[in-house]
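Survey of secondary and tertiary structure
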Amino acid sequence: MNTKAKSLIGVVAVTGAGSIALGIMSLPPTESIWVLLVLIVLCGAAQAVSVPLFASSSVSLAFAISFVSLLLFGPAGAILANLGSAAVHAFYPRRRAWYKMVFNAGVFTTSAAAAASAYALAGGVWPVRDLLSAVVPAGLAAVIYFWLNTSLVALALTLTTGASFRTVFNENHRWLIPQYLTIASITLMAAVGYQSMGPIALVAFSLPLIMPWTSARMYVAQTRTIIARNSELVDVNDQLERANTNLQQRIEQMGTLYRVGLALNQSLELHEMLSCIVNSLKDLLPAHGVAVFLYDAQHEELILTEHVGLSVQYLAHPEPSLDGPATRAIREKRRFVMDGASSNPDLLSQAAANEGVVAAICLPLIAGDEVVGALDITFSEPHIFNDNEFTLMETFAEQTAAGIRSWQLNQQVHGSYLSTIAALVATVEAKDPYTRGHSERVRDLALSIGNQMGLSRDDVDTLELAALFHDIGKIGIPESILGKKDSLTEEEWQSIRRHPSIAGAILKHIPRLSGTIPIIRSHHERPDGAGYPDGISGGLPTLSAIIAVADSYDAMTSDRPYRLAKSKDFAISQLKGGAGSQFDVRVVEAAIQVLEPKARTGAQLHVLEL
Ligand SMILES: [Fe+2]
């Protein structure tokens, strides 16, 4: 409270004390004092049931009763009735601070004393007897009382809030002027009537005063009910907005889960699948980073397989401790939550702390009863997880685990197929000791040629399998033909020429190897159309042409039943000689680059000219 406000309270307190002394000194005769006591009690009661409207104003019958007291008992009546009103105001409906009690009592009594003085100076007498002669003094007293009372209150608000006096007065008190003048008029008539008719006049004239007060009270009560209902509506609206926001988030989450599900169904590539999952989670949550670990049960270690948002420094030591949250999540098959505020902050590693991570959640990835990995989500701010987020992350963990398990099973099946086919190849080669190791050598040379030609990753993968299994069809050729040392008959040659077709019949049941079937079928075709089994010319698959060159080179440089191995130079010269007719020119060029790394460009041009 500032000095000016304190000064105002002090001045009002002094004038109030003087006013109370004036009231006591001018008490009426003893036989009339009980009427004054009744009026004082009524004034206090009226104050208790006043109807507050704005910050510092109210509708009350206290002014009417104190004004009657003025007209019947002069200064003593006005001042003591207002003192009764101030006493109730000090404690009801709540106890007020002592300086407010003092200030309000001073305002009430000072205003009453000033009004009574103005009444007396204007010729007013008490008890009032004549209506006409009392109009001017009573009107003056009412104006003085209203003006002083409201001005002191407005001045106090001005000094304590900084608002202008005009603004405070207009907002809180101006609207009370007609009410005060009306109350003063009715009260004057009631006082005059009391002198001639007794208390019945007070009762009769109180009705016009009670009715507006009753209306105001009902209006305020109704208004409060409306405000309360409006507040409820605002609360309901807020709840609807929050529900709508949550619904939008759930829709977004469901959409993301749907896209992740599609990715899992459409892709058997582990990296592609996990990349979709970590990036989707990073988009849905305010996460710093998301990582997926695969669990190597044999070596009991975690392998960081996919991540987003993590630094190189963190990736070097993501979880060095065996007691880290991801390890414990796997070991105990339950999620570990570190919200950064209350739970398990000591589980975060030093690497995580250096990364700025303060909160994290680790979920085990469990497919069936088998733990296949862990999902690690980190936050750079404390994060209190809600049920919706837990549900979302658990669902992602289930999807991820199912995807990883599916990929692992697919790898196992693929490996099993390859092992089976490799065994078949070994069987074929076992039938002909001269071709032992032939398939692996053809694969190695074909891959070198393919890389030299700049094949795509997918083509290289297909080339590797096709080269490895290119002669699998020979399993259907009699051993007597394969190992025959003498020249083959035409019928035997026809049998040999069926092996590319037989390969297709064997491999068509293995989806992973279906892409190799047309490559293997054409590995004995020639650009000039003299090949087999279809005798096509031009437009041969590049991968078939590569296998043809690698196959011929290895055949020439290996011992056969009917001849010894030829030299490398001889084989290369044969390749050059067959370029354009037996072999694809581009493949021969690449093969020479592989077989003769120091081959000069001139030699390549020579080959191209053949
Ligand atoms: Fe072959």
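Keep in mind that this is a model prediction, so the values were computed, not measured. (Residues numbered from 1 in each chain as written. Predicted model: local features only at pLDDT ≥ 70, side-chain atom pairs only at ≥ 80, totals over all residues.)

Here we come to the overall build of the protein chain. Within the protein chain one finds 23 helices and seven strands. The C-alpha radius of gyration of the protein chain comes to 53 Å, more than 25% above the 25 Å expected for a compact globule of 610 residues. Taken along the three principal axes of its C-alpha coordinates, the protein chain extends 160 × 50 × 50 Å. (Helix = DSSP H or I, 4+ residues; strand = E, 2+ residues; numbered from the N terminus. Rg over C-alpha atoms; globule rule 2.2 N^0.38 Å.)

This next bit is on helix α9 (residues 270-284). Residues spaced three or four apart along an α-helix point in a common direction, a consequence of the helix completing one turn every 3.6 residues. When the terminal C-alpha atoms of α9 are compared, their 21 Å separation across 15 residues agrees well with the 21 Å that a helix rising 1.5 Å per residue should span. Buried within α9 we find M273, L274, C276, I277, V278, S280 and L281. (Expected span 1.5 Å × (residues − 1). Buried ≥ 20, exposed ≤ 12 C-beta atoms within 10 Å, placed from the backbone.)

Quick look at helix α2 (residues 33-48) now. With 16 residues, α2 should cover 22 Å at 1.5 Å per step; its first-to-last C-alpha distance of 23 Å lies within 8% of that length. Buried residues of α2: L39, I40, L42, C43, G44, A46 and Q47, and no others. The inward-facing, buried residues of α2 contact α3 (62-91). (Contact = placed C-beta atoms within 7 Å.)

What follows is about the domain arrangement of the protein chain. Partitioning the protein chain into domains gives domain 1 (3-227), domain 2 (267-398) and domain 3 (431-595). Just the C-alpha atoms count here: the centres of domain 2 and domain 3 sit 49 Å apart. (Domains from an automatic or database assignment.)

Another aspect to go through is the environment of Q593. With respect to the helices and strands, Q593 occurs in helix α22 (residues 585-595). In this structure, the C-alpha to C-alpha distance between Q593 and I449, residues 144 residues apart in sequence, is 8.3 Å.

Hydrogen bonds between backbone atoms are what pair the strands of a sheet, whose relative direction is either parallel or antiparallel. An order of β4-β3-β7-β6-β5 is seen for the five strands of this open sheet, with the pairing classed as antiparallel. In this open sheet, the two edge strands, each paired with only one partner strand, are β4 (301-308) and β5 (336-338). Each strand axis lies, on average, 20° off the axis of its neighbour in the sheet, ignoring direction. Judged from the six bridges that link them, strand β3 (residues 289-296) and strand β7 (residues 370-379) form a sheet pairing that is antiparallel. Considered in β7, the bridge of V290 is made with I377. Along the sheet face, α9 touches β3, β4 and β7 and points at about 65° away from the line of β4. Its contacts with the sheet place helix α13 (residues 387-431) against β3, β6 (359-367) and β7, and it is angled at close to 45° to β6. (Pairing = 2+ DSSP bridges. Axes fitted to C-alpha atoms, helices over the stretch in contact; angles between N-to-C directions.)

One finds I65, L71, A115 and A141 to be the most contacted residues of the largest nonpolar core, which totals 61 residues. Every element with two or more residues in this core is listed here: α1 (3-25), α2, α3, α4 (98-121), α5 (131-161) and α7 (177-197). With 17 residues, α3 is the largest single contributor of residues to this core. Excluding anything up to four places from it in sequence, A141 contacts L70, A115, A116, A118, Y119 and G124. The next biggest cluster of nonpolar side chains, apart from the first, holds 45 residues, and it includes A291, V292, V357 and V372. (Core = buried A, V, L, I, M, F, W, Y, C linked by C-beta atoms within 7 Å.)

This part takes up the environment of V585. Mapped onto the elements of the fold, V585 is located in helix α22. Accessibility expressed as a C-beta count within 10 Å gives 18 for V585, which makes it partly exposed. Sequence separation between V585 and P527 is 58 residues; the distance between their C-alpha atoms is 9.3 Å.

This part takes up the environment of A48. Within the element layout of this structure, A48 appears in helix α2. A count of 15 C-beta atoms within 10 Å places A48 in the partly exposed class. Once the C-alpha coordinates of A48 and H89 are considered, the two residues, 41 residues apart in sequence, prove to be 7.1 Å apart. Here A48 is in contact with V88 and Y92, once residues within four sequence places are set aside.

To continue, consider the pairing of β6. With respect to burial, β6 is a largely interior element, eight of its nine residues being buried. In this structure, β5 lies alongside β6, joined through three bridges in antiparallel fashion. When the bridges of β6 are listed, M338 appears paired with A360. Between the antiparallel neighbours β6 and β7 lie two residues, among them G368 with a positive phi of about 70°.

Right, let's talk about the packing of α3 against α7 for a bit. The N-to-C vectors of α3 and α7 enclose an angle of 45°; their axes lie 9 Å apart at closest approach. Between α3 and α7, the angle is such that the two are oblique. At the point where α3 passes α7, the crossing takes the right-handed sense. Contacts between α3 and α7 involve F63, A64, F67, V68, L71 and L72 from the first element and Y180, I183, A184, T187, L188, A190 and A191 from the second. The class makeup of the residues in the contact of α3 with α7 is twelve nonpolar, one polar and no charged. (Parallel < 35°, antiparallel > 145°, perpendicular 65-115°, else oblique. Left-handed = near helix turned anticlockwise from the far one by under 90°. Nonpolar A, V, L, I, M, F, W, Y, C, P; charged D, E, K, R; others polar.)

Right, let's get into the packing of α1 against α4. At a minimum axis separation of 7 Å, α1 and α4 run at an interaxial angle of 50°. Taken as axis vectors, α1 and α4 run oblique relative to one another. The interaxial crossing formed by α1 with α4 has left-handed handedness. Residues I9, V12, A13, T15, G16, S19, I20 and L22 of α1 pack against Y99, V102, F103, A105, G106, V107, T109, T110, A112 and A113 of α4. By residue class, the composition of the contact of α1 with α4 is twelve nonpolar, six polar and no charged.

Another aspect to go through is unusual backbone geometry. Note the cis peptide between W126 and P127, where omega equals -5°. Residue placement: P127 occurs in the loop between α4 and α5. Residues other than glycine seldom take positive phi values, yet E300 does so here, at roughly 50°. Here E300 shows up in the loop between β3 and β4. With phi around 50°, K333 is a residue other than glycine that occupies positive phi space. When you line up the elements, K333 lands in the loop between α11 (325-332) and β5.

Mean pLDDT over the protein chain works out to 85, with 93% of the residues at or above the 70 mark. When the criterion is pLDDT under 50, residues 600-610 qualifies, and its contacts beyond four places in sequence or with other chains add up to 14 contacts. (pLDDT = per-residue confidence, 0-100.)

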